[in-house]
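Residue strings, one per chain:
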Amino acid sequence: MFTLANKTAIVTGGASGIGLAIAKRFIAAGARVLVADRSTVGAAVVTAMGAEFFRADVAREEQIAAMFEAAWKSFGRVDVLVNNAGIQPLGVGFEQLTGELLGRTLDVNVNGVAFGIKYAGRLLADRGRVINLASFAGMIGTPGGAAYSTSKAAVIHLTKLGAIELAPRGITVNAISPGTILTPAVTDIPDNPEIAFITRRTPLGRLGRPEEVGALAQFLASDEAAYITGQNIAIDGGLTAGWTEYDLVPPANIQDGRWVDAP
Ligand SMILES: NC(=O)c1ccc[n+]([C@@H]2O[C@H](COP(=O)([O-])OP(=O)(O)OC[C@H]3O[C@@H](n4cnc5c(N)ncnc54)[C@H](O)[C@@H]3O)[C@@H](O)[C@H]2O)c1
């Protein structure tokens, strides 16, 4: 079940964190994978696990085109595109927002996904898959998300638009919205207060692991997920299901476990 045998995939930002876990999972499921990343720091890890590495900045349309060209050259077709590359400038509210920060965030997180969908429409095989990494921060409002959360809300909407436009070719386009996941983007911040805060606010009481996101991506990439498109699937331990704390007192109408209507 959920095999990716004979499939080929591009994973952007696949040299670290969630993208790396997705690439690993795809390879274990039988796919051939090209990882496209702006940084070469993780290139050796990527090639050691059997994937191809291609250097690309997804903020640049011509580099997305080059990434597809490299995958075509290696594999002769591309079945799956995972638009995972992203920057996470959280903790910056409107007061501190600059045009430079907003511009770069939108260039990477939004343009990268939009142009990924554009080239998927041209170069992905029929019945292919596009999987976009959004975020819980694109679903609910949080302080300090002026650039990041805005970009991820856009990814959720781009997913719907891409699903509609690519549907005639049987290509599905879906988004994954993780809660806080233990990747370098989170763990490299010294004494990151987000870890304790999100753990407390998450009904399942812990942060997520990159491998758990990898498993969901594998399912969405598989033939079994052919009828799911235009959706945003949260994988967040229940974080966006609601609050973990809510002080309430039952009304006087509740007596001995029954609702007693007022006279
Ligand atoms: N970690 C979390 O808690 C979390 C939660 C929700 C959503 N996400 C999203 O998941 C995705 C992966 O996050 P992560 O935590 O694994 O991040 P990470 O920082 O560990 O890895 C991101 C990778 O993307 C690459 N990258 C960054 N900018 C790029 C660009 N312009 N072009 C190509 N590659 C680029 C980096 O070099 C790195 O290898 C991001 O889109 C992020 O917004 C993460």
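Each value, and the rule that gives it
Residues numbered from 1 in each chain as written. Predicted model: local features only at pLDDT ≥ 70, side-chain atom pairs only at ≥ 80, totals over all residues. Helix = DSSP H or I, 4+ residues; strand = E, 2+ residues; numbered from the N terminus. Rg over C-alpha atoms; globule rule 2.2 N^0.38 Å. Buried ≥ 20, exposed ≤ 12 C-beta atoms within 10 Å, placed from the backbone. Axes fitted to C-alpha atoms, helices over the stretch in contact; angles between N-to-C directions. Parallel < 35°, antiparallel > 145°, perpendicular 65-115°, else oblique. Left-handed = near helix turned anticlockwise from the far one by under 90°. Contact = placed C-beta atoms within 7 Å. Nonpolar A, V, L, I, M, F, W, Y, C, P; charged D, E, K, R; others polar. Pairing = 2+ DSSP bridges. Right-handed = clockwise from strand over helix to strand, strands pointing away. Expected span 1.5 Å × (residues − 1).

### Comments concerning the overall build of the protein
When you go through the protein residue by residue, the secondary structure sums to eight helices and nine strands. On C-alpha atoms alone, the protein measures out to a radius of gyration of 20 Å, which is about the 18 Å that the 2.2 N^0.38 rule sets for 263 residues. With respect to the three principal axes, the spread of C-alpha positions in the protein is 75 × 40 × 35 Å. Within the protein, the proportion of its 263 residues that are buried is 42%.

### What about the packing of helix H3 (residues 61-75) against helix H4 (residues 99-123)?
Packing of H3 against H4 brings their axes to within 10 Å, and their N-to-C directions diverge by 40°. Classed by the angle they form, the pair H3 and H4 counts as oblique. Regarding H3 and H4, the two cross each other, and that crossing is right-handed. Contacts between H3 and H4 involve Glu 61, Ile 64, Ala 65, Phe 68 and Trp 72 from the first element and Phe 115, Gly 116, Tyr 119 and Leu 123 from the second. Its residues assigned to classes, the contact of H3 with H4 comprises seven nonpolar, one polar and one charged.

### Points about the pairing of strand S1 (residues 8-12)
Sheet faces and side chains relate simply in a regular strand, where the side chains alternate between the two faces. Among the five residues of S1, five are classified as buried, and the element is accordingly described as predominantly covered. Residues Thr 8, Ile 10 and Thr 12 of S1 are buried on one face, and the alternating residues Ala 9 and Val 11, pointing to the opposite face, are buried as well. When S1 meets strand S2 (residues 32-37), the two strands line up parallel, connected through five bridges. Pairing of Ile 10 across the sheet is with Leu 34, part of S2. Remark: the S1/helix H1 (residues 17-28)/S2 crossover connection has right-handed handedness. The pairing of S1 with strand S4 (residues 80-83) spans three bridges and is parallel. Bridging from a neighbouring strand, Val 11 pairs with Val 82 of S4.

### Looking at helix H5 (residues 148-166)
Under the 1.5 Å per step criterion, the end-to-end length of H5 is 26 Å for 19 residues, consistent within 8% with the ideal 27 Å. Turning to H5, its buried residues number three or more, namely Tyr 148, Ser 149, Ser 151, Lys 152, Val 155, Leu 158, Thr 159, Gly 162, Ala 163 and Leu 166. Each element contacted by the buried residues of H5 is listed here: H4, strand S5 (129-133), strand S6 (172-178) and strand S7 (232-235).

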